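Observations on the three-dimensional arrangement
The residues making up each chain are set out below.
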Amino acid sequence: MIPLSRWFEAEEGARRVAFGREGERSAADLRRDVTALAAQVAAAKGRDLLLHCDDAYAFAVGLLATAQVGARAVLPPSRQPG
């Protein structure tokens, strides 16, 4: 297992980590998006963040950014039955 802090320093930018309606996303895209969102979250100075996304990539970015700044992700119930 690689600690989150080391993963963001790794040189694995070209590896594909997601794909979907928006196209493919590389590890470099993920690092860039998480870093940008983490900066916004840190500036907001919130410690509890509601994380609700219909898109799996956006959810991953939000969850990783929340973890990177040491905040707590609050997850609403899913819309799945049961």
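Use the structure listed above.
Calculation notes
- Residues numbered from 1 in each chain as written.
- Predicted model: local features only at pLDDT ≥ 70, side-chain atom pairs only at ≥ 80, totals over all residues.
- Heavy atoms only, no water.
- Helix = DSSP H or I, 4+ residues; strand = E, 2+ residues; numbered from the N terminus.
- Expected span 1.5 Å × (residues − 1).
- Buried < 20%, exposed > 50% of the residue type's maximum accessible area, 1.4 Å probe, protein only.
- Arc of directions from axis to C-beta.
- Contact = heavy atoms within 4.5 Å.
- Polar contact = N/O pair within 3.5 Å; in protein donor to acceptor, adjacent residues only side chain to side chain.
- Pairing = 2+ DSSP bridges.
- Phe/Tyr/Trp six-rings, centres within 6.5 Å; stacked < 30°, edge-to-face > 60°.
- Lys NZ or Arg CZ within 6 Å of the ring centre and 35° of its normal.
- Salt bridge = Lys/Arg side-chain N within 4 Å of Asp/Glu carboxyl O.
- 1 Å grid on protein atoms, 1.4 Å probe; cavity = no way out; pocket = protein on both sides within 12 Å on 5 of 7 lines; lining within 4 Å.
- Points joined across faces, edges and corners; volume = space filled by probe spheres on them.
- Nonpolar A, V, L, I, M, F, W, Y, C, P; charged D, E, K, R; others polar.

**Considerations on helix H3 (residues 56-68)**
Here H3 contains 13 residues, and its C-alpha end-to-end distance of 18 Å stays within 8% of the 18 Å for a straight helix at 1.5 Å per residue. What H3 keeps buried is the set Tyr57, Val61, Gly62, Ala65 and Thr66. Seen end-on, H3 carries its buried residues on one side only, within an arc spanning 165 degrees. Buried residues belonging to H3 abut strand E1 (16-20), strand E2 (23-26), helix H2 (27-44), strand E3 (48-50) and strand E4 (72-74). The backbone nitrogen of Tyr57 has a side-chain oxygen 3.1 Å away, supplied by the residue at the start of H3, namely Asp55.

**Topic: the pairing of E2**
Direction of pairing for E1 relative to E2: antiparallel, over a ladder of 4 bridges. Following the sheet pairing, Ala18 is matched in E2 by Arg25. Where E1 hands over to E2, the hairpin turn is made up of 2 residues, counted between the paired strands.

**A few points about the packing of aromatic side chains**
Applying the stated criterion to the full structure yields 0 aromatic pairs. Cation over ring: Arg25 sits above Tyr57, and NZ or CZ is 4.3 Å from the ring centre.

**With respect to the pattern of salt bridges**
Scanning all chains against the criterion turns up 4 salt bridges. A salt bridge links Asp29 to Arg32, with the nearest nitrogen and oxygen atoms 3.2 Å apart. Of this pair, Asp29 and Arg32 both sit in helix H2, separated by 3 residues, roughly a single helical turn. Among the charged side chains, a salt-bridge network with shared partners connects Arg25, Asp29, Arg32 and Asp33.

**Examining the layout of surface pockets**
Counted as a void, the largest pocket has a volume near 240 Å³. Around the largest pocket, the lining comprises 13 residues; the ones closest to its centre are His52, Cys53, Pro76, Pro77 and Ser78. For the lining of the largest pocket, the class distribution of residues is 7 nonpolar, 3 polar and 3 charged.

Coordinates in, geometry out; function isn't part of it.
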